[in-house]
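# Secondary and tertiary structure notes
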Amino acid sequence: RGCRDASYLAVGTGIGAGVVEKDPAYSDVHHVNTTNPFEIGHLLLGDNPFDRFEDRYSGPGIEKRYGMGPKSMPAGHPAWAEEGAAAGRLALVMGLMNGVELVVPTGGVGAGASNKLKPYLEEFISSSRAYGNGPQKLFMPDIKLVSPGEADEFEMFGAEGVMRDLLTVPE
């Protein structure tokens with residue numbers, strides 16, 4: 001499918017997002033959406049207003065819950081299963097609420113630890129596509145992980161980096 005909208009999902013010291021929209025007049029031109037702040041990390045996980053995605057799944061949230069930061073946390077640690085599922089849920093929210101067709105996790109956790117959360121994210125995507133309800137199956141975006149070595153670049157350029165590196169077609 002041709003990508004209409006794409007998003008970066010920044011998971012680092014906080015959790016945020018940005019959306020790049022396809023220009024309807026041009027096949028390979030995209031613009032950053034500046035009409036919505038996409039403060040997706042502030043979505044509540046329960047009744048407690050201090051239990052947000054950002055409180056649990058950002059770098060400081062991981063450190064608070066597990067007593068160690070994501071950089072020192074080994075692959076296979078239970079936190080990575082939670083991080084992979086959380087990234088999948090947030091990507092699904094972007095698909096359901098904004099029609100985003102591609103999500104690229106960025107940031108120190110999202111891209112910086114992509115090799116650690118990848119199998120759990122893939123499991124979430126697979127089970128959502130197999131067992132989700134109609135809208136979940138229809139609007140689950142593609143998710144492209146970037147390597148930990150690309151984390152700083154994608155963090156710096158955010159949605160613009162997604163557009164430039166993944167969506168712009170050279171002539």
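Residues numbered from 1 in each chain as written. Predicted model: local features only at pLDDT ≥ 70, side-chain atom pairs only at ≥ 80, totals over all residues. Heavy atoms only, no water.

### Remarks on the packing of helix α3 (residues 78-98) against helix α5 (residues 114-131)
Rule in force here: Helix axes are fitted to C-alpha atoms over the stretch in contact, other axes to C-alpha atoms as well, and angles between N-to-C directions run from 0 to 180 degrees. Numbering goes from the N terminus for both helices and strands, where a helix is a DSSP run of H or I of at least four residues and a strand is a run of E of at least two. Note that the term roughly parallel is reserved for angles under 35 degrees, roughly antiparallel for angles over 145, roughly perpendicular for angles of 65 to 115, and oblique for everything else. Crossing handedness follows the turn of the near helix against the far one: under a right angle anticlockwise gives a left-handed crossing, and clockwise gives a right-handed one. It only takes one pair of heavy atoms within 4.5 Å for two residues to be counted as in contact. Classification used: nonpolar for Ala, Val, Leu, Ile, Met, Phe, Trp, Tyr, Cys and Pro, charged for Asp, Glu, Lys and Arg, polar for all others including Gly.
Packing of α3 against α5 leaves a shortest axis separation of 7 Å and a crossing angle of 50 degrees. Comparing the axis directions of α3 and α5 gives the class oblique. Judged by the sense of rotation from one axis to the other, the crossing of α3 with α5 is right-handed. Judged by residue contacts, W80, A81, E83, G84, A85, A87, G88 and R89 of α3 engage K116, L117, Y120, L121 and F124 from α5. In terms of residue class, the contact of α3 with α5 is made up of 8 nonpolar, 2 polar and 3 charged.

### Considerations on α5
What counts, and what does not: Expected helix span is computed as 1.5 Å times (number of residues minus one). We define the bend at each residue as the angle formed by axes fitted to the 7 residues ending at it and the 7 residues starting at it. Only protein chains enter the accessibility calculation, which uses a 1.4 Å probe. A residue is then buried if its area is under 20% of the maximum for its type, exposed if over 50%, and partly exposed in between.
Compared with an ideal rise of 1.5 Å per residue, which puts 18 residues at 26 Å, α5 spans 24 Å between its outermost C-alpha atoms and is within 8% of the ideal. Along its length, α5 shows its largest kink, about 30 degrees, at Y120. For α5, the full list of buried residues reads S114, K116, L117, L121, F124, I125 and S128. Considering only its buried residues, α5 is in contact with α3, α4 (107-110), α6 (134-139) and β5 (142-143).

### Some thoughts on the side chain of S128
Mapped onto the secondary structure, S128 falls in helix α5. Setting aside its immediate chain neighbours within four residues, S128 contacts K137 and M140.

### Looking at the pairing of strand β2 (residues 15-22)
Keep this limit in mind: At least two DSSP bridges between two strands are required for those strands to pair.
For β2, the buried fraction is high: 6 of the 8 residues fall into the buried class. Of the pairings in the sheet, the one linking strand β1 (residues 5-11) to β2 comprises 7 bridges and is antiparallel in character. Bridging from a neighbouring strand, Y8 pairs with G18 of β2. Relative to strand β3 (residues 30-32), β2 is paired through 3 bridges, and the arrangement is antiparallel. In the strand pairing of β3, V20 is matched with V32.

### Regarding the sheet that holds β3
Read across the sheet, 5 strands follow the order β3-β2-β1-β4-β5 without closing on themselves; strand pairing throughout is mixed. Edge positions in the sheet fall to β3 and β5, since each has one partner strand and no second. Pairing analysis gives 5 bridges linking β1 to strand β4 (residues 102-106), with the strands arranged parallel. Looking at β4, one finds that L9 is bridged to P105. Here α3 sits on the sheet and contacts β1, β2, β4 and β5; the angle it forms with β1, its principal contact strand, is near 145 degrees.

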